[in-house]
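# Results of the structural survey
The chain contents come next:
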Amino acid sequence: MELILIRHLATAGNEKRQYIGRTDEPLSQHAKASYRKAPFYYTDVSQVIVSPMRRCIETAELLYPGKRLHIQKLLKECDFGEFEGKSYEELKEDSRYIRWLASNGTLPFPKGESQEVFRKRCVQGFKSSIETLLIGNEVKKAAFVVHGGTIMAILSALDEKERGFYAWQAANGKGYRAILEEKKFREGKRCMRDITPLKVI
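Throughout what follows, the structure given in this document is the object of discussion. Remember, it's a predicted structure, so these values are computed and weren't measured experimentally.

## Looking at the packing of aromatic side chains
On inspection of all chains with the given rule, the structure shows 13 aromatic pairs. The interplanar angle of 85 degrees and the centroid separation of 4.9 Å between the aromatic rings of Phe 80 and Phe 109 together place this pair among those described as edge-to-face. Of this pair, Phe 80 sits in the loop between strand 3 (69–71) and helix 4 (88–91) while Phe 109 sits in the loop between helix 5 (95–102) and helix 6 (115–134), and the two are 29 residues apart along the sequence. We classify Phe 80 as buried; its relative accessible area is 10%. For Phe 109, a relative accessible area of 4% corresponds to the buried category. Judged by centre distance (6.3 Å) and plane angle (70 degrees), the rings of Phe 83 and Trp 100 are edge-to-face. A residue pair is termed long-range when its members are at least 10 positions apart, and Phe 83 in the loop between strand 3 and helix 4 and Trp 100 in helix 5 qualify at 17 residues. With a relative accessible area of 10%, Trp 100 lands in the buried category. Here the aromatic residues Tyr 19, Phe 80, Phe 83, Tyr 88, Tyr 97, Trp 100 and Phe 109 are joined through ring pairs into a cluster of three or more.

## Brief notes about the environment of Leu 101
Of note, Leu 101 is situated in helix 5. Overall, Leu 101 belongs to the partly exposed group, its relative accessible area being 42%.

## Notes on the pairing of strand 1 (residues 2–7)
With respect to burial, strand 1 is a largely interior element, five of its six residues being buried. Relative to strand 4 (residues 141–146), strand 1 runs parallel, the two sharing six bridges. Within the sheet, the bridge partner assigned to Glu 2 lies in strand 4 and is Lys 141. One ladder, built from five bridges, connects strand 1 with strand 5 (residues 175–180); its direction is antiparallel. Note on strand 5: the bridge partner recorded for Ile 6 is Gly 175.

Parameters and conventions
All chains use their own residue numbering, which begins from 1 and follows the written sequence. Restriction of local features to residues with pLDDT of at least 70 applies here, the model being predicted, together with a cutoff of 80 or more for giving and counting side-chain atom pairs; totals for whole chains, interfaces and linings are based on all residues. By convention in this description, side-chain values take in all heavy atoms of the structure and omit both hydrogens and water. We call Phe, Tyr and Trp rings a pair once their centres come within 6.5 Å, taking the six-membered ring for Trp, and we label the pair stacked below 30 degrees between planes, edge-to-face above 60, and tilted otherwise. Going along the chain from the N terminus, every DSSP run of H or I of four or more residues is numbered as a helix, and every run of E of two or more is numbered as a strand. Under the scheme applied here, a residue whose accessible area is under 20% of the maximum for its type counts as buried, over 50% as exposed, and between as partly exposed, the area being computed with a 1.4 Å probe on protein chains only. Think of it this way: DSSP has to see at least two bridges between two strands before they count as a pair.

As far as function goes, none of this settles anything; it's purely spatial.
Okay, here's the thing in structure tokens:
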């Protein structure tokens, strides 16, 4: 089964390089105005799974007009707690942020979500979507329109080559193609292979 994982287009907060997690921002006017159809987005898919956040729903509606969108609540972005809505420049002298950077992002966000909980949640939501929507329904290709952190959590957990979390960063509107091996998925093994970045043709 071929899967396409796409990070939503930019919001105003993304354009300001802020940490935007639980904040339910819409897409920015600039992102909508500059958006152009790209062939990799419009290869036909049978199912479209999205995070419940507005930025993902709006992106999916642009990329896959007329397609039914399946909302998966567990695929939401991480809650950045007291770092939410702030940029590196605003946080760089905050001792809590300095400690978080030094931990390579493994410490929980102050009054936010821990990486362990966030990653486990995303993988659970992804697997649930595969089981209920895709496997057994003869689906050959599906798209997930989600968040950057969500993509990183899923691929770092399921990539056959076991590449780490930060190997899977994606800019707004970009993402990855991958093949999901159904047999390995059912066996609870790492099941994503041939993972390649999406490219505008």
